[in-house]
Structures are given as structure tokens and as C-alpha cells.
Amino acid sequence: MSVKPLARELRASLAFIERNFNLTKRYWKWEVVFFLYTIANSITMGFIGKGVEAFSGTPVDTNYLILYMLIGSILWGYLSILFEIVAETVAWERWEETIEYTFMAPVRRSTHLLSTCGYAILYGLLRSVVILGIVSFFFDLNLAGANFISAVGILFVASFSFIGLGVVAAILPLISPEKGVQVVHIFQALLLMFSGVYYEIDVLPVWMQNVAKLSPATYALRGMRASILEGQNFSSQWSNIWPLILMGAVLLPAGLKIFSIMEKWAKRKGVLKRSG
Amino acid sequence: MAIAIHAKNIVKKFKKNKKIVTALKGIDIDIYEGEIYGLLGPNGSGKSTFIRIASTLLFPDEGEIEIFDHDVRKHPKYVQEIMNRVSVEASFFRKLSAYENLFYSAGIHGISKKEAFNKIESLIDKVGLDRKRLKDPLEDFSRGMQQKVAIARAFMTDPKILLLDEPTTGLDPRAKKDVQKLILDLRARTKATILLTTHDMNEAEKLCDRVSIIHNGRIMITGHPQELKRKLVNKISNPTFEDVFIEFTGLSFEDAEYGKSSKEVVSA
């Protein structure tokens, strides 16, 4: 790509990111509601960890359990924000009735979708850091042995596979204006169930464990827990890293390609617009 | 004169409630560079479908459409770079301000912030926007003001082709007049080719160099508004555009709006 088209794509990319931050600012009441819900959820998960000792009647490592639950809750919060924002790109624009303007702009679809992903990462990280800060007031967390550099590395690698999954999911609202978003939510709920957000996947029936191996969240959660709870290095976690890299490398380009094919299908069938 | 939009035998079918509806039944249109071309027809006649096909949002089932000799399906980026559209719905992010919407639109058309700011500044007075309200959410604007922002958004990209899909529908008479004046001003200032769809016959007569009457997905007649009226002088004294519509569709415009066929009207 020569400099001029590249500059155009970069300007478009910044415009998508800025627009999304502007929308977040303008819909601040919704943001407050979802934010409070996520904080309450995370704190609840922390207290479930704290309450296990009293519940089971046997001594357990409470700090480990609280952190285990909090990592699950906060990481799931980050990944689901990433997934939702990307997956609902089309649905949101359809609801705002701006979809035709965005889709007739001279901008590559990959720029459009990846810029939305860029916003999702920035927003998701910002939100997770604030949640972690607030939640830490409620618990006496011992993070002395945590390897944060390794945790950030895992988060970085996991983001690609989740963006890929999000782009694949964004196809659903594109091809089905009425039911697409609901199917995305079902997909998200299944990810939560299979990926060991609040438990080790070993507790699942064997067939569910096999399905769990196909979810990037499984490896992201394992990696984050190994980094924060056990202080493991990034380099020692190859068994968690390679599946994330592989899934990112497959899902992201495949998602963009399938989206492009389905966009053409939507233009043939006339379903871009809600009333289509 | 160069042909800006060339459409040949455009057919478009949709599946609605398990039935196949043919929205366009073989449309042939040639629009010359710099002209204001009107597509006049009642609701459901196929005007917006044609606009969507021309603007890369919809693929025809049959036929071909070219913009300055570039096939719309094969070269969508070229078409998108030289085209913009104003539709009947203002289509904005309602909670965002006029500025935020305009900067977003400029950005996705590859226009820098500085250039966009200068363009917005130069358009404020031309389009008749209230400078003090540009930071207010678009949802607080009247329909007329929203449509002026939509026109500013389209003008900002200096389109060689402007698609105006019922831009004055639902506007009060004053806002309607303002928008019509803007369209004529744009044509006077630039060489933009304008395709205007409308179901307002006076508007078509007032603004368009040539008009096609479209009904049930077919072009019934094409010509200069005065020329079309002249065709009726032997039949009717002082024919109006409504008479032209009746002559070539067999229906009054009102009957056509409610989807009556000419047979139903005759038997009634």
C-alpha cells in the first residue's frame, strides 16, 4: 500500500476508535450500570473464594482462592468486553441506522473491524485496571509472588484469538438482523461454561473438557493464573501460549475473510439494513 | 458529455415472507456528468433499491451498472471515493454531536482533522447550520436541521456523484425550500452529478434536468420535465406533472402510492 492510501486507512482507523470513545462518553449512564454490575460480580466471586473455608469446614489457602476467583472474573470481564464490542459492531450500527453510511465509505473492512478491536482492547484494559483497583479495597490480596510481566504477555497473546473469535461472531448479526445478536450471546455463555472461568476444566465431563480445548479462554485463564498465582514466567508457559497464537493466527484472518464473503452475501440478499 | 452513471437491464429481486418480490425489472438509465437527474415514483417503486445498487450497498441480480466506466461491483472503492449520499433518514449517531458525526464521516473518507475542520467551517454558513448548536447531540435537532447536517456531511467529501434519496421527505415547507436551494447551489458551484429520487412532482420539475418516472420497478418514460408535459398538449390543456404521471402509468400518483393497479382503478 502506498503512503496516501495508508494515510487514508490510518485516518479512518482513528475515526473509528474516536467515534467509539465518543459513544462511550455519550452513553455514560449505560457504562455506569454495566461497570457497577461487573464490580459487584467480581466482588461476589472474591467473597465466594473467601467463604469456601467456612463452607467446607477444612483449612484452605484463602488468598489463593480469592485470587483464583478474581482472576476468572476480571479476565472474563475483559475478554467478554472485547468479544462483545467486536461481535456487536454490525448490530450497533444497524441499531443506530448508520450502517449504510459506514459500509459505503471508501475504507477497507479489515481497517473497520481491526480499529473496532483496537478500541475494544484499550477500553477493556482501562476498565479492567479500574475494576482491579476497586476490588482490591475489599480484599487483603497478597500479590508478592505474582509475575505481572508474564500476565500482560498472556493477555496480549490471548487478545488476538479473542478478537478473531469476535470477528467470526460479528458475522452473525450481519447475516441475521433479527437473531444474530442473540446467537452471539448464546455463544458467549457457552464460552463461559466451557472455558473454566471459575473452575478448573478437569471438573468437567470428558466430552466437555475436549470442547474446552478449543476455547482460547481456557488457555488465557490458565496462563493468567499460572502467572499471578504461581509466578510462572511467560517463556515457561509454552503449553498455554502456542494454542493462543495458533487460534489467533487462524481465527483473525479467517474471521476477516468470512466476514468479507458474508458481506457480499448480505449485499446480494439486501439484509445490510434492518428493514432489508 | 461523459456518462456518469450507466445502468443496463438492472434486475433486483428480494425474498419477503417466502415470496419473491421483483423490485427492479430491467432498469436502463444513462445519467450525464453534471446533470441533476430525477427518479420520480411512489413509495415501493424501486427508487431506493436503485440508489443502493449505485452506492455499492446492494448487488443486482442481473444487469450492469457503471460509474464513470467503472463497474460498481468490481471497483467499489473507486465508486465509494467519488460518491456520497443523503437519504430520507438522516442516519447519524444520535447521541453524538454534529461536530462528532461530521469528523467521524470525514475520517472514514480519509480526510485529515485539519482539512475536515476547514471544510466544516466553510460549510456552516452555506448549509445554514447554527454554529452554536454544533456541539449538541443530533437527537436534539429538528428533522430539517438534521438533514442540513446530512447535506454538509455529503458536501464535505466533494463528491463527483451525489445520490439524494428523498432528501426533503418529511421536512416542513421552509426546510424543504432550503434543502432544494442547497442542491441547486451545489450544482452551480461544482460539476457534481446528482441523482435525486423523490415522490414530490413539483420538486422533480423544479430541480431536475431530466426525469424518469419509475413505477413497479420499471422506467415508464424519461425526458426533460417540460418536454414530458409537451407530449400531452394535444390531449390536455396546460398539463401538469401529475397528468404526465397518469398518462404513462395509468394511475394517479395517489393510487400508485397505495399500490393499486391500473386495472383496479379502471374497474372502480
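Heads up: these notes are all about the structure in this document. All values derive from a computational prediction rather than experimental measurement.

**As for the overall build of chain A**
Phase 1: Secondary structure assignment for chain A yields 11 helices and zero strands.
Phase 2: In sequence order, the secondary structure elements of chain A are arranged as α-α-α-α-α-α-α-α-α-α-α.
Phase 3: With the C-alpha coordinates aligned to their principal axes, the bounding extent of chain A is approximately 65 × 40 × 40 Å.
Phase 4: Burial statistics for chain A: of 276 residues in total, 51% are counted as buried.
Phase 5: Roughly 13,000 Å² of accessible area belongs to chain A as shown, and the carbon and sulfur atoms make up 70% of that amount.
Phase 6: Charged side chains of chain A number 23 positive and 17 negative; the gap between the two group centres comes to 12 Å.

**Things to note about a positive patch on the surface**
Phase 1: Residues A:Lys257, A:Lys264, A:Arg268, A:Lys269, B:Lys15, B:Lys18 and B:Arg73 make up a contiguous surface patch of positive charge.
Phase 2: One can find A:Lys269 in helix α11 (residues 238-269).

**Side note on the packing of helix α10 (residues 216-229) of chain A against α11(A)**
All names here are of chain A.
Phase 1: Across the interface, α10 lies against α11 with an axial gap of 9 Å and an inter-helix angle of 145 degrees. Pair α10 / α11 crosses with left-handed handedness. On α11, the residues that touch Pro216, Tyr219, Ala220, Arg222 and Gly223 of α10 are Ser239, Asn240, Pro243, Leu244 and Met247.
Phase 2: A breakdown of the residues in the contact of α10 with α11 according to their chemical character gives six nonpolar, three polar and one charged.

**Re the pattern of salt bridges**
Residue and element names in this part refer to chain B.
Phase 1: Enumeration over the complete set of coordinates arrives at 23 salt bridges over all chains.
Phase 2: For the salt bridge of Lys176 with Asp200, the shortest nitrogen-to-oxygen distance reads 2.7 Å. Of this pair, Lys176 sits in helix α6 (residues 173-189) while Asp200 is found in the loop between β8 (193-198) and α7 (201-207), placing the two residues 24 residues apart along the sequence.

**Comments concerning the sheet that holds β8(B)**
Residues and elements named next belong to chain B.
Phase 1: Pairing in this open sheet of six strands is mixed, and the strands run β6-β7-β8-β3-β9-β10 from one edge to the other. With partners counted over all chains shown, the strands left at the sheet margins are β6 (83-86) and β10 (218-223), one partner each. Here the strands of the sheet are splayed against their neighbours by 15 degrees on average, with no regard to which way each runs.
Phase 2: Summarising the sheet, strand β7 (residues 161-165) and β8 pair through five bridges and their orientation is parallel.

**Observations regarding the nonpolar core**
It is characteristic of soluble globular proteins that their nonpolar side chains tend to be buried jointly.
Phase 1: Judged by nonpolar contacts, the single largest core of 98 residues is most densely connected at B:Ile5, B:Phe50, B:Ile65, B:Ile67 and B:Leu195.
Phase 2: Here this core gets 17 residues from one element, more than from any other, and that element is helix α3 (residues 62-87) of chain A.
Phase 3: When residues no more than four places from it in sequence are discounted, the contact partners of B:Phe50 are B:Ala7, B:Leu24, B:Ile27, B:Ile29, B:Leu39, B:Ile65 and B:Leu195.
Phase 4: Ranked by size, the runner-up nonpolar core spans 54 residues in total, among them B:Ala106, B:Met156, B:Ala204 and B:Phe241.

**Some thoughts on the interface of chain A and chain B**
Phase 1: In this assembly, 36 residues from chain A lie in contact with 38 residues from chain B.
Phase 2: When the area that chain A buries against chain B is broken down by residue, the three leading residues are A:Arg26, A:Tyr101 and A:Met104, summing to 25%.
Phase 3: The interface formed by chain A and chain B includes seven salt bridges.
Phase 4: Contributions of two or more residues to the side of chain A that touches chain B are made by α1 (3-26), α4 (89-96), α5 (99-103) and α11 of chain A.
Phase 5: When residues of the side of chain A that touches chain B are assigned to their parent elements, the largest contribution, 12 residues, is made by α1(A).
Phase 6: Taken together, the residues of the side of chain A that touches chain B break down into 14 nonpolar, five polar and 17 charged.

**A short note on helix α5 (residues 143-156) of chain B**
Residue and element names in this part refer to chain B.
Phase 1: End to end, α5 covers 20 Å across 14 residues, agreeing with the expected 20 Å (1.5 Å per residue, within 8%).
Phase 2: Among the 14 residues in α5, 13 count as buried, and that is most of the element.
Phase 3: A positive backbone phi angle near 45 degrees is found at Asp158, which sits one or two residues after α5.

**Brief notes about the pairing of strand β2 (residues 19-32) of chain B**
Residues and elements named next belong to chain B.
Phase 1: Here strand β1 (residues 3-16) runs beside β2; their pairing, made up of 11 bridges, is antiparallel. Bridging across to β2, Lys15 finds its partner in Ile20.
Phase 2: Connecting β1 to the antiparallel partner β2 that follows it, the hairpin turn spans two residues, and Asn17 within it adopts a positive phi of roughly 50 degrees.

**Quick notes on the pairing of strand β3 (residues 36-40) of chain B**
All names here are of chain B.
Phase 1: Among the five residues in β3, five count as buried, and that is most of the element.
Phase 2: Along β3, one buried face is formed by Ile36, Gly38 and Leu40 and the opposite face, lined by Tyr37 and Leu39, is buried too.
Phase 3: With five bridges connecting them, β3 and β8 associate as parallel partners. Paired with Leu40 across the two strands is Thr198, which belongs to β8.
Phase 4: Where β3 lies against strand β9 (residues 210-215), four bridges are found, and the strand directions are parallel.

What counts and what doesn't
Residues numbered from 1 in each chain as written. Chains lettered and ligands numbered in written order. Predicted model: local features only at pLDDT ≥ 70, side-chain atom pairs only at ≥ 80, totals over all residues. Heavy atoms only, no water. Helix = DSSP H or I, 4+ residues; strand = E, 2+ residues; numbered from the N terminus. Buried < 20%, exposed > 50% of the residue type's maximum accessible area, 1.4 Å probe, protein only. Areas by Shrake-Rupley, 256 points an atom, 1.4 Å probe, with all protein chains shown as cover. Lys, Arg positive; Asp, Glu negative; His and termini not counted. Charge placed at Lys NZ, Arg CZ, Asp CG, Glu CD. Patch = residues over 30% accessible without salt bridge, like charges linked within 9 Å, V, L, I, M, F, W, Y side chains within 5 Å. Salt bridge = Lys/Arg side-chain N within 4 Å of Asp/Glu carboxyl O. Axes fitted to C-alpha atoms, helices over the stretch in contact; angles between N-to-C directions. Left-handed = near helix turned anticlockwise from the far one by under 90°. Contact = heavy atoms within 4.5 Å. Nonpolar A, V, L, I, M, F, W, Y, C, P; charged D, E, K, R; others polar. Pairing = 2+ DSSP bridges. Core = buried A, V, L, I, M, F, W, Y, C linked by side-chain atoms within 4.5 Å. Buried area = accessible area lost by both parts, 1.4 Å probe. Expected span 1.5 Å × (residues − 1).

By themselves, these figures tell us nothing about what the structure is for.
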